[in-house]
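Architecture and fold: a report
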Amino acid sequence: MTDAGQRRNFYGRIKGKTLRASQKGYLAEDLGPLTLRGVTREENPSRSVLDMGFVKGPLWLEVGFGGGEHLVHMAARYPEVTLIGAEPFVNGIAMLLGKIRGAGVKNLWLHPGDVRDLFDVLPDACLQKVFLNYPDPWPKARHHRRRFVTPEYLLPLARITAPGAEFRVATDIPDYVRQTLEEVPPAGFTLVAQTGEGGAWEDWLSTRYEQKALREGRAPHYLTFRRL
Ligand SMILES: C[S@@+](CC[C@H](N)C(=O)[O-])C[C@H]1O[C@@H](n2cnc3c(N)ncnc32)[C@H](O)[C@@H]1O
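Each value, and the rule that gives it
Throughout, a residue's number is its position along its own chain's written sequence, starting from 1. Under the rules for a predicted model, residues below a pLDDT of 70 receive no local features and side-chain atom pairs below 80 are neither given nor counted, while totals for whole chains, interfaces and linings still include all residues. Heavy atoms throughout the structure, all of them, feed into the side-chain values; hydrogens and water do not. Every axis corresponds to a line fitted to the C-alpha atoms, with the helix fit spanning only the stretch in contact, and the corresponding angles, defined between N-to-C directions, vary from 0 to 180 degrees. Per the convention used, a helix needs a DSSP run of H or I reaching at least four residues, while a strand needs a run of E reaching at least two, with both numbered from the N terminus. Oblique is the label for any angle not covered by the other classes, which are roughly parallel (under 35 degrees), roughly antiparallel (over 145) and roughly perpendicular (65 to 115). Should any heavy atoms of two residues lie within 4.5 Å, those residues are counted as being in contact. Basically, the charged four are Asp, Glu, Lys and Arg, the nonpolar ten are Ala, Val, Leu, Ile, Met, Phe, Trp, Tyr, Cys and Pro, and anything else, Gly included, counts as polar. Near, as used in this document, describes a residue that has one of its heavy atoms within 4 Å of the molecule or strand being considered. Here a polar contact is taken to be a pair of N or O atoms separated by no more than 3.5 Å, where protein atoms must pair a possible hydrogen donor with a possible acceptor and residues adjacent in sequence count only if both atoms sit in side chains. The accessible surface values rely on the Shrake-Rupley method and a 1.4 Å probe; as for residues, cover is taken only from the protein chains in view.

What follows is about the packing of helix α1 (residues 21-34) against helix α3 (residues 90-103). Two elements in contact, α1 and α3, have axes separated by 9 Å at closest approach and are oriented at 80 degrees. Relative to α3, α1 is oriented roughly perpendicular. Between α1 and α3, the residues in contact are Gln23, Gly25, Tyr26, Leu27, Glu29, Asp30, Leu31 and Leu34 and Val90, Ile93, Ala94, Met95, Leu97, Gly98, Ile100 and Arg101, respectively. Among the residues forming the contact of α1 with α3, the class breakdown is 10 nonpolar, 3 polar and 3 charged.

In structure tokens, the structure reads:
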């Protein structure tokens, strides 16, 4: 496992096409107030545990929220829950901020960066639910170790999830299903459900990536685990 003091490699995209003026405005005005303090190495070099005073009710996390549609949907549907979203892709963050304004939700906090930085500083067993929607597929075999469903991500995730917590994984890649079924249980989770197209969670909101997968003829898979 990577030591918390070391820099980590992040292989995904941080920036995409030019942001619209409105999106630049959301980033300038809303990102600061919604960002969790003390998560980055710059702000918290000793990696001390976060002050959890911001949490009201159960705490849920979405990893890699993309455009943020699922995260905002969950925040609006469950106002009694506190949600954290982690995503390093600036264009996605800007989209999320626009959706937060539109929905007027107040129970959502961000880490605009690598979720592993958040893993370092969250206290043990603090999360009641975790969403991993369409993680980067890394299709080439030599890149499979970059996938989220590897011990580098799953062991820290297991530490910060409460016993009984739900961990949801959605993917359109059959080989990702295989690796998820292989790697998640040894990290301390048990599989409770595995469904396919039409079998999403009752409160699911289809994401941009899922819509793209469906257009391109790839079928969704939904896996639900429970922390032991
Ligand atoms: C294929 S996209 C899916 C986005 C969204 N969940 C959806 O379903 O539309 C995967 C996302 O995970 C993000 N991601 C990859 N590695 C991450 C990490 N270590 N921490 C946080 N987000 C990450 C990427 O930036 C990307 O936006």
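Once the structure has been displayed, the description carries forward.
As a structural note, the neighbourhood of the ligand is formed by 18 residues, with Gly64, Glu87, Val115, Asn133 and Thr207 the closest of them. In the environment of the ligand, a nitrogen atom lies 2.9 Å from a nitrogen or oxygen atom belonging to the backbone of Val115. Between the ligand and the protein, one listed contact pairs a nitrogen atom with a backbone N or O atom of Asn133 at 2.8 Å. When the ligand sits alone it has 590 Å² of accessible area, and the protein chains cover 89% of it. Here the shell around the ligand is composed, by residue class, of 8 nonpolar, 5 polar and 5 charged.

Next up on the list: the environment of Ala200. With respect to the helices and strands, the residue Ala200 is situated in the loop between β6 (189-195) and α7 (208-215). Between the alpha carbons of Ala200 and Gly64 there is a distance of 19 Å; along the sequence they are 136 residues apart. Dropping the residues within four chain positions of it, Ala200 is found in contact with Thr195 and Tyr222.

For the rest of this paragraph, the subject is the side chain of Thr82. By the element assignment, Thr82 lies in strand β2 (residues 82-86). Sequence-distant contacts of Thr82, defined by excluding residues within four places in its chain, comprise Phe54, Val55, Lys56, Pro58, Leu59, Trp60, Asn107 and Trp109.

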